[in-house]
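Chain residues, written in single-letter form:
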Amino acid sequence: MMSVSKSACLHTQLPSSNHRAFTSLSRRKHTTADCGRKLFRTNANAYGNGSADSGSSRVIMPGSQGAGNQRQQPPGRSGSSSGLILPGKGGAGKMPQLGNTPVNNFRPPPGFMDSLDAKQPVAEDPQKLLAKLKTGAGYWHELARALPALQRAGFDWLNIEAETGLERALQSIWTIAGQVYDSLKEQANFPQEKLKYFNPEDSEYKLYPMRILAVTARGPVAEYIADQDLNTTDSEVVIKAFKEHERRNGVKQGFAYTPADALAFKYYRDAGETRRKHEIRDFIDRGLAVAETERAKATLRAFIEEEAAPSAASADPAQLAILRLTHEEMAFRAVAVVGNWATASAAAIQQAPSVRQQGSFSIFETQGQQKWVMMPAWSAVMAAAQPVAFSIDDCSKLDVLLQQTKKKEDKKRLQGEGLLLLDRAIPEVKESEYYVVDKGGSLQLKTGSEVAETGSPLARVLFCSRPPRAEMAETAYP
């Protein structure tokens, strides 16, 4: 079978006009390729690699192999050594340079950017540190110093546990307890010989709770634990008692700022929080056994004597309740009720009495047969300068109140008595408020815009109050 090239097939299938366009496009592609080859050869000559007519079209990268199997140098780079420079790798034969400036091949050690701490141990081989932890070669606080060094070397809690068998929880306890141990060691007034008490295994559990104490407070507590040879549980009780004594200021209650008195203060508080007599006596006895100062012992004895003394309440079978009122329960104002609105007169408003409430219970004194009502201390009531009230037999019979309702259901709810609260003091007349005016001996309610036609008003209307519903009253007062 005769083989036909792909280009020949294209030529035979395309029309003459398309054939010319295809030929022009092919020539344009060849021209672009030739320009690209010339550009690569020009760059190669600029970097000193080969000649312009070498015919190589390969892309030349700095540090790569060029013609003659030699490395390529970018402009401004001297010497035969080139390529990518890495810290600590150095050059080939001599120190690499950037222009005329030599590049230092120094590589910083691991953890160079970490904060420097004088307490950190001297850097050792991580494998040696892991071997020490695995074999337990040393006291716990000595082995604890290896944990930060291993972490700086790249080991985390899981790696250390896998290599040494030291559980992560114990690693955390060693780290914190080791910091407490170092803080005790640095205190000048702490007996250094008592540090040996915390050398044995499991002593870290006695120092670990001290993390909640200030550095200056750890010394007396640690010395007390060492002197009394307390176990882990009792040590934690003393530490928490010392912190609680500091927070509650037990000095004011007669207990000195010492671990012994702090523990006695703890038992003193326990006795005050329980109601079982045998437990009270037991807590007081514990406090007396550990108290250090005479003042603390006297406070404990006074407590037990007060509990043992017979009370007057226990001898009298009758009981008397003592109640404390709140501000909300005492928040009220006495307002004079000068009559019924149907028979009200201007004289009744003008002659209405007022009272002054005094004392913690708002006590007031009245004269004659005047009626009074206690109104809640709402802002409108308390702001009134001269309040006065009228009773209403049926609110649904008052046209002004009916105008305030839109639905029939609301008008039905107006049926029943009410209380119209007024203020005789009128600083200014506003169109948005209602006022009481005297029109031919009859009192009427007019808006502020209508007051100008009828003369000066007698009082300003504050609001109309309704009594609680029957179901609300039954719920409130069973």
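A tally of regular secondary structure across the chain gives 20 helices and nine strands. Residue burial in the chain is summarised as follows: out of 478 residues, 31% are buried. The long-range share in the chain, meaning contacts at least 24 apart out of those at least 6 apart in sequence, stands at 56%. When the accessible surface of the chain is split by element, carbon and sulfur atoms take 52% of a total near 32000 Å².

Strand order across the open sheet formed by seven strands is β4-β3-β5-β6-β9-β7-β8, with mixed pairing between neighbours. Either end of the sheet is taken by a strand with one partner, and the two such strands are β4 (371–376) and β8 (442–447). For this sheet, the mean angle separating the axes of adjacent strands, direction not counted, is 40°. By the bridge criterion, three bridges tie strand β3 (residues 332–340) to strand β5 (residues 387–392) in an arrangement that is parallel. Bridging across to β5, asparagine 340 finds its partner in serine 391.

An ideal rise of 1.5 Å per residue puts 21 Å on 15 residues; helix α11 (residues 259–273) measures up with 21 Å between its terminal C-alpha atoms. Most of α11 is tucked away: twelve of the 15 residues are buried. When α11 is considered as a whole, its buried residues turn out to be Pro259, Ala260, Asp261, Ala262, Leu263, Ala264, Phe265, Tyr267, Tyr268, Arg269, Asp270 and Ala271.

A word on the environment of tryptophan 378. Along the chain, tryptophan 378 turns up in the loop between β4 and α16 (379–383). Counting along the chain gives 46 residues from tryptophan 378 to phenylalanine 332, while the straight-line C-alpha distance between them is 8.2 Å.

Per the counting criterion, the structure on display carries ten aromatic pairs. An angle of 90° between the planes, with centres 5.2 Å apart, marks the rings of tyrosine 197 and phenylalanine 198 as edge-to-face. In this structure an aromatic cluster arises from ring pairing among Phe255, Phe265, Tyr268 and Phe303.

Tallying each qualifying case throughout the model produces zero disulfides. No disulfide involves cysteine 395; its sulfur sits 4.2 Å from that of cysteine 464, the nearest cysteine. Owing to a relative accessible area of 0%, cysteine 395 belongs among the buried residues under this scheme. Exposure remark for cysteine 464: the relative accessible area of 27% places this residue in the partly exposed category.

Turning to the pattern of salt bridges, a few remarks are in order. Per the counting criterion, the structure on display carries 14 salt bridges. Across the pair lysine 266 and aspartate 270 runs a salt bridge, and its minimum N-O distance is 3.0 Å. Of the two residues, lysine 266 and aspartate 270 are both situated in helix α11; the distance of four residues between them amounts to about one turn of the helix. By relative accessible area, aspartate 270 is classed as buried at 16%. Note that arginine 281 is salt-bridged to aspartate 285, the shortest N-O span being 3.6 Å. Remark: aspartate 285 and arginine 281 occur in helix α12 (residues 277–290); sequence separation between them is four residues, near one turn of the helix.

Below, the discussion takes up the nonpolar core. Core analysis: the largest hydrophobic core is formed by 51 residues, its most contacted members being Leu133, Trp174, Leu207, Met210 and Val221. The greatest single-element share of this core, amounting to eight residues, is contributed by α11. Sequence-distant contacts of methionine 210, that is, excluding residues within four places in its chain, are made with Val180, Arg218, Val221, Ala222, Ile225 and Ile239. One finds Ala344, Ile392, Leu458 and Val461 within the second-largest nonpolar core, a separate group that totals 23 residues.

A few words on the side chain of arginine 333. As for its placement among the helices and strands, arginine 333 is situated in strand β3. Aspartate 423 provides the closest opposite charge to the buried, salt-bridge-free arginine 333, at an N-O distance of 7.2 Å. A polar contact of 2.8 Å, which involves the side chain of arginine 333, links it to the backbone oxygen of alanine 384. Contacts of arginine 333, omitting those with residues within four sequence positions, involve Gln357, Val373, Met374, Met375, Val381, Met382, Ala384, Ala385 and Pro387.

All right, on to the confidence of the model for the chain then. Looking at the chain, the pLDDT average stands at 76 and 71% of residues meet or exceed 70. Below a pLDDT of 50 lies the segment residues 35–104, which in the model reaches 70 contacts outside its immediate sequence neighbourhood of four places, other chains included. Between residues 111–118, whose pLDDT stays under 50, and residues either more than four places distant or in other chains, the model counts two contacts.

Judged by side-chain polarity, Leu325, Phe361 and Ile363 come together as a nonpolar surface patch covering roughly 330 Å² of accessible area. Inspection of the secondary structure assignment puts leucine 325 in the loop between α14 (312–315) and β3.

We now examine the pairing of β5. By the criterion of burial, β5 is predominantly enclosed, with five of the six residues buried. Pairing analysis gives six bridges linking β5 to strand β6 (residues 418–423), with the strands arranged antiparallel. By the bridge assignment, isoleucine 392 is partnered in β6 with glycine 418.

For β3, a buried count of eight out of nine residues is recorded, marking the element as mostly surrounded by other parts of the structure. As defined by bridge partners, β3 adjoins β4 across six bridges and the pair is classed as antiparallel. What sits directly across from arginine 333, in β4, is methionine 375.

Now for the packing of helix α3 (residues 126–135) against helix α6 (residues 157–164). Relative to each other, α3 and α6 sit at 60°, their axes nearing to 9 Å. With respect to α6, the element α3 is oriented oblique. You can see that α3 and α6 cross each other, and the crossing is right-handed. Across from Leu130, Leu133 and Lys134 in α3, the residues of α6 making contact are Ile160, Glu163 and Thr164. Of the residues in the contact of α3 with α6, the class split is three nonpolar, one polar and two charged.

Cut-offs used in this document
- Residues numbered from 1 in each chain as written.
- Predicted model: local features only at pLDDT ≥ 70, side-chain atom pairs only at ≥ 80, totals over all residues.
- Heavy atoms only, no water.
- Helix = DSSP H or I, 4+ residues; strand = E, 2+ residues; numbered from the N terminus.
- Buried < 20%, exposed > 50% of the residue type's maximum accessible area, 1.4 Å probe, protein only.
- Contact = heavy atoms within 4.5 Å.
- Areas by Shrake-Rupley, 256 points an atom, 1.4 Å probe, with all protein chains shown as cover.
- Pairing = 2+ DSSP bridges.
- Axes fitted to C-alpha atoms, helices over the stretch in contact; angles between N-to-C directions.
- Expected span 1.5 Å × (residues − 1).
- Phe/Tyr/Trp six-rings, centres within 6.5 Å; stacked < 30°, edge-to-face > 60°.
- Disulfide = S-S within 2.5 Å.
- Salt bridge = Lys/Arg side-chain N within 4 Å of Asp/Glu carboxyl O.
- Core = buried A, V, L, I, M, F, W, Y, C linked by side-chain atoms within 4.5 Å.
- Lys, Arg positive; Asp, Glu negative; His and termini not counted.
- Polar contact = N/O pair within 3.5 Å; in protein donor to acceptor, adjacent residues only side chain to side chain.
- pLDDT = per-residue confidence, 0-100.
- Patch = residues over 30% accessible without salt bridge, like charges linked within 9 Å, V, L, I, M, F, W, Y side chains within 5 Å.
- Parallel < 35°, antiparallel > 145°, perpendicular 65-115°, else oblique.
- Left-handed = near helix turned anticlockwise from the far one by under 90°.
- Nonpolar A, V, L, I, M, F, W, Y, C, P; charged D, E, K, R; others polar.

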